[in-house]
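Architecture and fold: a report
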Amino acid sequence: CSTGPSVANSTAVTLTVNPLPTVTITPSNGGAFCGSGTLTASGTAVSYVWSPSNQLVSNTGATVTSIATANTTISVVGTGANGCTNTVAQPITYTVPPPLTLVKSQNSFCGTGGTVTLSETSGNYSSAIWEALDGAVINNVLPLSVDATISATSAFRVTATSGSCTAIGYQS
């Protein structure tokens, strides 16, 4: 209790309302994926994290590749320079791509390794991109085959395309 004059103290508090970043998803082929497809985020966000990560080759960056094997919804969280986040989602319609037929010119080497020709021979695809997963050297690249020089047991990933269909396969 006070018996003297009343004094009011006040302090001004300033609060800032930061805007959410804008985030838009643009899927390849309108979100109708035959095999895999890409999704690209754009807007005012400075970073992007995608989910579910088990249905993506990578889950960060503006562009990701979906490896979903059924209809799904892919989401992205965009973070703005001010730390605010915004989440958007994109439904994906999945179609099973035609099967790959992967062939290698030989199954094994004696001694120090050698060169093997890897081919996609199903007739379902017009081009393929081959990646060595463990140190082999790829050369003599043709639309559906490559030569690979190996010195140890090696594995390869192939991404084959035809029109809007993309299939990913592995050869070891």
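Scroll up to find the structure.
This write-up is about the structure you can find in this document. The structure displayed is predicted, hence computed values, not measured ones.

To continue, consider the overall build of the chain. Each helix and strand in the chain was counted, giving 0 helices and 14 strands. Counted from the first residue to the last, the chain has its helices and strands arranged as β-β-β-β-β-β-β-β-β-β-β-β-β-β. Here the C-alpha coordinates of the chain stretch approximately 100 × 40 × 25 Å along the principal axes. Looking at the chain as a whole, 31% of its 172 residues qualify as buried.

On to the sheet that holds strand E5 (residues 63-66). Ordered by their spatial adjacency, 3 strands build an open sheet running E1-E3-E5, and the pairing between neighbours is antiparallel. The open sheet is flanked by strand E1 (23-27) and E5, the only strands paired with a single partner. If you compare each strand with its neighbour and ignore which way they point, the axes differ by 25 degrees on average. One ladder, built from 4 bridges, connects strand E3 (residues 37-43) with E5; its direction is antiparallel. Within the sheet, the bridge partner assigned to Thr40 lies in E5 and is Thr63.

Quick notes on the rules
- Residues numbered from 1 in each chain as written.
- Predicted model: local features only at pLDDT ≥ 70, side-chain atom pairs only at ≥ 80, totals over all residues.
- Heavy atoms only, no water.
- Helix = DSSP H or I, 4+ residues; strand = E, 2+ residues; numbered from the N terminus.
- Buried < 20%, exposed > 50% of the residue type's maximum accessible area, 1.4 Å probe, protein only.
- Pairing = 2+ DSSP bridges.
- Axes fitted to C-alpha atoms, helices over the stretch in contact; angles between N-to-C directions.

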